[in-house]
Amino acid sequence: MADAIPTLSDDARTRVEAAAFRRLLAHLNDARPDVQNIDLMILAGFCRNCLADWYRDAANAEGAALDKDAAREAVYGMPFAAWKAQHQKDATPQQLAALESAQKTHAG
């Protein structure tokens, strides 16, 4: 049986969560830039752009005025237009159909 999750202080938990978030970004952007946002949306219901929106919302809640472009650059590690030019492919008809189906299935 696995040990119980240790009790962390709020500060320690924030550091752990931040480290996990940075590792997720590194994985998506450095290790797996081939994984397209549309595929993330189909399978998980979120993508890098969603992460940027959540990042912006959290920054704004802390009083830091962050716009969409700045949030995307924080998540992508470069301006979104540069990332898109280097890594994003046009969605296939199959991907578009799968996204539409996933959105209908998970709406609510």
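Source: prediction; values computed, not measured.

The rules we used
Residues numbered from 1 in each chain as written. Predicted model: local features only at pLDDT ≥ 70, side-chain atom pairs only at ≥ 80, totals over all residues. Heavy atoms only, no water. Phe/Tyr/Trp six-rings, centres within 6.5 Å; stacked < 30°, edge-to-face > 60°. Lys NZ or Arg CZ within 6 Å of the ring centre and 35° of its normal. Core = buried A, V, L, I, M, F, W, Y, C linked by side-chain atoms within 4.5 Å. Buried < 20%, exposed > 50% of the residue type's maximum accessible area, 1.4 Å probe, protein only. Helix = DSSP H or I, 4+ residues; strand = E, 2+ residues; numbered from the N terminus.

Counted under the stated rule, the structure contains 4 aromatic pairs. Between the aromatic rings of Y76 and W83, the centroid separation amounts to 4.8 Å while the plane-to-plane angle is 55°, which identifies the pairing as tilted. Within the aromatic cluster, the residues linked to one another by ring pairs are Y76, F80 and W83. Between R72 and the ring centre of F80, over which it is positioned, the NZ or CZ distance is 4.4 Å.

If you look at the biggest cluster of nonpolar residues, it comprises 10 residues: L25, L28, V35, L40, C47, C50, L51, A52, A71 and V75. For this core, the secondary structure elements donating two or more residues are α1 (10-31), α3 (48-61) and α4 (68-76). The leading source of residues in this core is α3, at 3 residues.

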